[in-house]
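One-letter residues, chain by chain:
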Amino acid sequence: MLTPSLSIVISTIDKNFEKFVKNFQFKKLKNVDEVIVIVQGVEKLVHQSALASFKVIVEKSYGLSLSRNIGIENSSSDFIWFLDDDIYLFDYSIDKIKDHLGKNPSIDLHTIRLECFDKKPYKKYPNKHSLNRINALRISSVELVVSKKFVIRNNIRFNKNLGLGSKFPSTEENIFFLDVFDKGGKVSHYPEFLLKHEYIDRKTSHFKNEFILKAKGAFCRRYGGLTGFLILGYYSLKCLLVSKNFFKILNLFFGYLHAHTILGLDDE
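Residues numbered from 1 in each chain as written. Predicted model: local features only at pLDDT ≥ 70, side-chain atom pairs only at ≥ 80, totals over all residues. Heavy atoms only, no water.

1. Section: the pairing of strand 8 (residues 187–196)
Right, on to step 1. The element strand 8 is extensively covered by neighbouring structure, given that seven of its ten residues are classed as buried.
Right, on to step 2. Pairing analysis gives two bridges linking strand 5 (residues 88–89) to strand 8, with the strands arranged antiparallel. Its bridge partner being in strand 8, Leu-89 is matched across the sheet by Leu-195.
Right, on to step 3. Summarising the sheet, strand 6 (residues 109–115) and strand 8 pair through six bridges and their orientation is parallel. Bridge pairing in strand 8 places Glu-115 opposite Lys-196. (Buried < 20%, exposed > 50% of the residue type's maximum accessible area, 1.4 Å probe, protein only. Helix = DSSP H or I, 4+ residues; strand = E, 2+ residues; numbered from the N terminus. Pairing = 2+ DSSP bridges.)

2. What to know about the side chain of Arg-113
Right, on to step 1. The topology assignment puts Arg-113 in strand 6.
Right, on to step 2. Residues in contact with Arg-113, not counting those within four places in the same chain, are Tyr-125, Pro-126, His-189, Tyr-190, Pro-191, Glu-192, Phe-193, Leu-194 and Leu-195. (Contact = heavy atoms within 4.5 Å.)

3. Thoughts on the layout of surface pockets
Right, on to step 1. Space inside the largest pocket adds up to approximately 1500 Å³.
Right, on to step 2. In terms of lining, the largest pocket is formed by 44 residues, of which the most central are Tyr-122, Ser-140, Glu-173, Arg-202 and His-206.
Right, on to step 3. Elements with a minimum of two residues in the lining of the largest pocket: strand 1 (6–13), helix 5 (172–182), helix 6 (203–206), helix 7 (210–223) and helix 8 (225–243). (1 Å grid on protein atoms, 1.4 Å probe; cavity = no way out; pocket = protein on both sides within 12 Å on 5 of 7 lines; lining within 4 Å. Points joined across faces, edges and corners; volume = space filled by probe spheres on them.)

4. Comments concerning a nonpolar patch on the surface
Right, on to step 1. Side chains of Leu-226, Phe-229, Leu-230 and Phe-253 sit close together on the surface and give an oily, nonpolar patch of about 420 Å² of accessible area.
Right, on to step 2. Counting residues per element, the nonpolar patch draws most heavily on helix 8, at three residues.
Right, on to step 3. Locating Phe-229 in the fold gives a position in helix 8.
Right, on to step 4. Phe-229 sits in the partly exposed class, given a relative accessible area of 42%. (Patch = residues over 30% accessible without salt bridge, like charges linked within 9 Å, V, L, I, M, F, W, Y side chains within 5 Å. Areas by Shrake-Rupley, 256 points an atom, 1.4 Å probe, with all protein chains shown as cover. Salt bridge = Lys/Arg side-chain N within 4 Å of Asp/Glu carboxyl O.)

5. Regarding the pattern of salt bridges
Right, on to step 1. Applying the stated criterion across every chain yields a total of twelve salt bridges.
Right, on to step 2. With a closest N to O distance of 3.2 Å, Glu-34 and Lys-55 form a salt bridge. Taken together, the residues Glu-34 in strand 2 (residues 34–40) and Lys-55 in strand 3 (residues 55–59) connect sequence positions 21 residues apart.
Right, on to step 3. Given a relative accessible area of 11%, Glu-34 falls into the buried group.

6. Observations concerning the sheet that holds strand 6
Right, on to step 1. Overall, mixed pairing links the eight strands, which are arranged 3-2-1-4-7-6-8-5 in an open sheet. At either margin of the open sheet sits one strand with a lone partner, and together these are strand 3 and strand 5.
Right, on to step 2. Across the sheet, helix 2 (residues 64–74) lies against strand 1, strand 2, strand 3 and strand 4 (79–84), angled at about 145 degrees from strand 2, the strand it touches most.
Right, on to step 3. Across the sheet, helix 3 (residues 93–103) lies against strand 1, strand 4, strand 5, strand 6, strand 7 (144–147) and strand 8, angled at about 170 degrees from strand 8, the strand it touches most. (Axes fitted to C-alpha atoms, helices over the stretch in contact; angles between N-to-C directions.)

7. Concerning the side chain of Asn-69
Right, on to step 1. Along the chain, the position of Asn-69 falls in helix 2.
Right, on to step 2. Discounting chain neighbours no more than four positions away, the residues touching Asn-69 are Arg-157, Phe-158 and Lys-160.

8. Observations regarding the nonpolar core
Right, on to step 1. If you look at the biggest cluster of nonpolar residues, it comprises 44 residues, and the most contacted ones within it are Phe-82 and Phe-176.
Right, on to step 2. Counting residues per element, this core draws most heavily on helix 7, which supplies six residues.
Right, on to step 3. Filtering out sequence-adjacent residues up to four positions away, Phe-82 remains in contact with Val-9, Arg-68, Ile-72, Ser-141, Val-142, Leu-144, Val-146 and Phe-158.
Right, on to step 4. If you look at the next biggest cluster of nonpolar residues, it comprises 36 residues, including Phe-26, Val-37, Val-39 and Ile-97. (Core = buried A, V, L, I, M, F, W, Y, C linked by side-chain atoms within 4.5 Å.)

As structure tokens, this is what we get:
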């Protein structure tokens, strides 16, 4: 069986562009079938010679989810791997993921592992290959490698109301994971560290920010059922411990109660 083709979709913005071009390890992408770079916040790029061999798309509007969706629409490969402009690859990253895709062509969504610069795991990862809905709680978009055919056939996209650059800057990747899973997608974990990133502890800020809390509340509603409500309770306790402010918890319940509006479902 032929190895599935792979597109790398890299998201960046105008203020990061020069640093990205200077520091990103483009040589490590040599075995990728297609590289798409999406630059937001600009109408036209003047200096892009370093990206001459890649597909470069400019977009005036901001929003990480918007950028990911542009990548989905414009990719021409079997699988898409979403990256940020400050991610570091290992020398073997592309070869390993392509080999894994070739051995598991029926999986619709693969998750991989991210490592800190001190070689510690970025987070606690599952110790099993087969994933379930609860694993949506701890997903980052750079850890996702998804089948384009599956998401196009099932009309799955990142929610543009969520994620960095939007009003509610969180949980877009978690809901994307749920959408794939709930549409019957086969979801698997590949226990290899294929990326590096500076560790950023967002636990404190995430449970103090009004709009992130509302996004988390909306995610709990999207998760649904008793489990979704239990996750809301868990978030509420964590919010109280972190913020020491009971009123912050109300943002979680606001997001839960107004999930349809936050997720843009009222417009459908």
